[in-house]
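Residue-level structural notes
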Amino acid sequence: MTRITDPWLMQPATQAVLGLLTDAGHQAYAVGGCVRNALLGAPVQDVDIATDALPETVTELAENAGLKAVPTGIAHGTVTVVADGMGFEVTTFRADVETDGRHAVVRFSDDLAEDARRRDFTMNALYADAQGNVIDPLKGLPDLRARKVRFIEDPAQRIAEDYLRILRFFRFNAWYADPEQGFDPEALAAIADSLDGLAGLSKERVGAETLKLLAAPDPAPAVAAMQRVGVLGRCLPGAESRALAPLVHLEHQHGMAPDPLRRLASLGVFDGAPLRLSKAQQRRIELYQSLIGAADSPGAIGFRHGAEMAKDVLLLRAAMLETPLDAGDLLRADEGAKAGFPVSAQDLMPAFKGPALGAELVRLEALWIASGFRLSRDQLLDLAAKG
Ligand code: ATP
Ligand code: MG
């Protein structure tokens, strides 16, 4: 029997939540990403728990044990139980009654195998009891050991139940698959036949899933595959995956952490309508898209938008042209970010006023940037006086 003994499972809080259910005669297991990642030696962020206890029973047992129970998703059977300041999503075993490719109507179940079959990939249908014994109803362990992302049973059927699984397939491949093996051909064929379903997904789900995919250590092979089978064209019309691999390479070379938005920008000027991002994310993408192809110098970008943005744009430009990053450009971007324009409106009054004053400040600033921030205040005022 495969066993896991990770601290997230053995810690008192997790044991308490599992124990309050099993002590009452119920089944309770850690499930999904936490078990998968423990077996892969990957970090575990949150612990999901599956049980045959109904949500109201989970709430009652938690409260009797002095723990807070928050009904975070009662409609689909989820209660968040808080122990030692950590939230555990406890979800009652479920089976799909009806699916339309976006939402599912579920019924509660007392059967772990049934709960497993409504999940997406075999590696995501692994359970662990409080002692760490791994339960694998759908033969996910061999796939996980081979680092193969495989749909549970029939890929076409799994996809038709929820088209987001197309994007999840590429996300889990990017994060956990062996890149040498390529993608499961049966899954790719089913995906190629299911592209129309992508249009029905909410922009929020597509946006969130896309960013999770792009945050993987190296999402380039997955995004290239998405382009080959036609997924990229549906999700982001006009996007082109070519610059992503060079970008990932440059990130490594320059010790820069993966940034899903920077990576998204490397896909070029695409129609972002099918994917909803936050206002701040949207602004950043638009700025990237406008600066990548613009003539603004590294110094000017640093001055106007800061060192981080300038470095990102230089990286993106280099990735698109498949050239190395120029060390001099990086220095000039930093210089620009640190520089302060030495002339103020006061300096130009009363010779200039109103719109002429604004225009003159803009003109002098452009001259100053073009000089590599070298023109002094006196030199600039001299240029102003001459008009
Ligand atoms: P991560 O570490 O990225 O959170 P995860 O496996 O926990 O990975 P989640 O999206 O949090 O991924 O989902 C938790 C679990 O719920 C999955 O492992 C899977 O079993 C199931 N699941 C989530 N979304 C779906 C879906 N759209 N279709 C089928 N099963 C799903
Ligand atoms: Mg998760």
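Residues numbered from 1 in each chain as written. Chains lettered and ligands numbered in written order. Predicted model: local features only at pLDDT ≥ 70, side-chain atom pairs only at ≥ 80, totals over all residues. Heavy atoms only, no water.

This part takes up the domain arrangement of the chain. In terms of domain boundaries, the chain breaks down into domain 1 (1-145), domain 2 (152-239), domain 3 (242-339) and domain 4 (341-386). Using C-alpha coordinates to define each centre, domain 3 is positioned 29 Å away from domain 4. Facing the 9 residues of domain 3 at the interface are 7 residues of domain 4. For the pair domain 3 and domain 4, the two sides together bury roughly 530 Å², of which 69% comes from carbon and sulfur. When the buried surface of domain 3 facing domain 4 is broken down by residue, Phe303, Glu335 and Ala339 rank first, second and third, together holding 66% of it. Residue Glu335 is joined to Arg374 by a salt bridge in which the shortest nitrogen-to-oxygen separation is 3.8 Å. (Domains from an automatic or database assignment. Contact = heavy atoms within 4.5 Å. Buried area = accessible area lost by both parts, 1.4 Å probe. Salt bridge = Lys/Arg side-chain N within 4 Å of Asp/Glu carboxyl O.)

Moving on, we get to the site of ligand 1. Neighbouring ligand 1 are 13 residues; Arg36, Asp162, Arg165, Arg168 and Arg171 lie closest to it. Note that an oxygen atom of ligand 1 is positioned 2.6 Å from one of the side-chain N or O atoms of Arg171. Protein chains bury 75% of the 580 Å² of accessible surface belonging to ligand 1 in isolation. Contributing elements (two or more residues each) for the shell around ligand 1: helix 3 (33-40) and helix 8 (164-176). A per-element tally of the shell around ligand 1 places helix 8 first, with 4 residues. (Near = heavy atom within 4 Å. Polar contact = N/O pair within 3.5 Å; in protein donor to acceptor, adjacent residues only side chain to side chain. Areas by Shrake-Rupley, 256 points an atom, 1.4 Å probe, with all protein chains shown as cover. Helix = DSSP H or I, 4+ residues; strand = E, 2+ residues; numbered from the N terminus.)

On to unusual backbone geometry, then. The phi torsion of most residues other than glycine is negative, and most of the peptide bonds are trans. With an omega of 5 degrees, the peptide bond between Met349 and Pro350 qualifies as cis. The phi torsion at Asp84 lies on the positive side, around 50 degrees, for a residue other than glycine. Along the polypeptide, Asp84 turns up in the loop between strand 4 (78-83) and strand 5 (86-92). Overall, Asp84 belongs to the exposed group, its relative accessible area being 62%. Phi is positive for Arg147, close to 55 degrees, though the residue is something other than glycine. Here Arg147 lies in the loop between helix 6 (140-145) and helix 7 (155-161). (Buried < 20%, exposed > 50% of the residue type's maximum accessible area, 1.4 Å probe, protein only.)

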